[in-house]
Structures are given as structure tokens and as C-alpha cells.
Amino acid sequence: MAPAFLLSALVLLINLFATRLARVVDRARWIEEQFGTLPRALSVPELRLLDRRMRIINAAIALATASAIAVCLLVVMLFVAGLLDTRFARTVASLFIIAMLLLIAALGLFLLEVRLASRAIRIRNELLERE
């Protein structure tokens, strides 16, 4: 059962990553449309940051998808082992380890993208009217 739950979680993560990617793409398109009216000193650095965020999110999606594929292969191996009454313990363990490493890498990239996004939208102290 555990691989099925893991697969469900991976699908949700990929959906989350795709949603973040869509928001970044929408923002980049808006800046591109307004490029002539926005100050170049603000729009060019933001476009560079958005481009970097898109590359990071795409890599996270690729790693999470590869992890999901490894989990699918793991499920297939478990069924084959059960049907043929053979032992694939090392193969199953290896696929699980690979899936976890890919997931860790995807989550690491996600964390990096979130940190980049949060650094880019810091609110100036004077606007917060703190005492």
C-alpha cells in the first residue's frame, strides 16, 4: 500500500509545482506585455528572476515525475515478484531508494524556488507602518 500512497503524494506535488510554474509564467507574460511601459531597471531583473524560477520549477517537475516513474516500476516489480514467486528484494529496494533520492532533489529545488520567490517580494518596512 505504501507505494500507492507515495504515488498519490507525488501526483499532488507535481500538481503544486505545475501551479507555481503557471503563476510564474503568467507574471512573466504580463511583464513582457507591459515591457515598454515599465521601468527597464525593474522589469529586466524581474524577468531574469522569473526565468530562473521557471528553470528550477521545471527541473523539480522532471525530478518528481522521474520519482513517480520509479514508484510505478516499484509497484510493477512487486506484482511481478508476487505473481512469479520470485525475489526482487534488491531491485525493489534500489527502486525505492532511487525514488526517494529523486523526491528529495525535487523538494530541494522546490525549497530553492520558494526562497527565490520570497526574496523577490519583500515588503519595504516603511510601507508596513511599524512603530
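Residues numbered from 1 in each chain as written. Predicted model: local features only at pLDDT ≥ 70, side-chain atom pairs only at ≥ 80, totals over all residues. Heavy atoms only, no water.

If you check an unreviewed UniProt entry, the chain appears there as DUF2721 domain-containing protein from Sphingomonas oryzagri.

K.L.:
What is the right way to look at the nonpolar core in this model?
P.N.:
Soluble, globular proteins show a tendency: their nonpolar side chains are buried together. With 21 residues, the main nonpolar core has Leu10, Phe17, Leu21, Met54 and Ile57 as its most contacted residues. Sorting the residues of this core by element identifies α1 (2-33), α2 (40-84) and α3 (89-120) as the ones contributing at least two each. What Phe17 contacts, discounting residues up to four positions off in sequence, is Ile57, Ala60, Ile61, Ala64, Ala106 and Phe110. (Core = buried A, V, L, I, M, F, W, Y, C linked by side-chain atoms within 4.5 Å. Buried < 20%, exposed > 50% of the residue type's maximum accessible area, 1.4 Å probe, protein only. Helix = DSSP H or I, 4+ residues; strand = E, 2+ residues; numbered from the N terminus. Contact = heavy atoms within 4.5 Å.)

K.L.:
What's the story with unusual backbone geometry in this structure? I'm lost.
P.N.:
What you tend to see is this: most non-glycine residues have negative phi, and most peptide bonds are trans. The backbone of Asp85 sits at a positive phi, close to 55 degrees, despite the residue not being glycine. For Asp85, the position within the fold is in the loop between α2 and α3. Assessed through its relative accessible area of 71%, Asp85 is described here as exposed.

K.L.:
Please clarify how the packing of α2 against α3 should be interpreted in this entry.
P.N.:
Helix-helix packing is characterised by the crossing angle of the two axes and by the distance between the axes. Interaxial distance between α2 and α3 falls to 8 Å at its minimum, and their mutual angle equals 160 degrees. Between α2 and α3, the crossing angle belongs to the class labelled roughly antiparallel. Crossing hand, α2 versus α3: left-handed. Grouping the constituent residues of the contact of α2 with α3 by class yields 29 nonpolar, two polar and three charged. (Axes fitted to C-alpha atoms, helices over the stretch in contact; angles between N-to-C directions. Parallel < 35°, antiparallel > 145°, perpendicular 65-115°, else oblique. Left-handed = near helix turned anticlockwise from the far one by under 90°. Nonpolar A, V, L, I, M, F, W, Y, C, P; charged D, E, K, R; others polar.)

K.L.:
Is there a simple way to explain the pattern of salt bridges in this structure?
P.N.:
Pairing is possible between side chains that carry opposite charge, provided their charged atoms lie close to one another. Throughout the structure, instances matching the rule amount to four salt bridges. Residues Arg20 and Glu113 are paired through a salt bridge, measuring 2.6 Å at the closest nitrogen-oxygen approach. Here the residue Arg20 occupies a position in helix α1, and Glu113 occupies one in helix α3, the gap between them amounting to 93 residues. One salt bridge in this structure joins Arg53 and Glu113, with 2.6 Å as the shortest N-O distance. Taken together, the residues Arg53 in helix α2 and Glu113 in helix α3 connect sequence positions 60 residues apart. When sorted by exposure, Arg53 lands in the same class as Glu113, which is buried. Three or more residues are tied together by salt bridges with common partners; here these are Arg20, Arg53 and Glu113. (Salt bridge = Lys/Arg side-chain N within 4 Å of Asp/Glu carboxyl O.)

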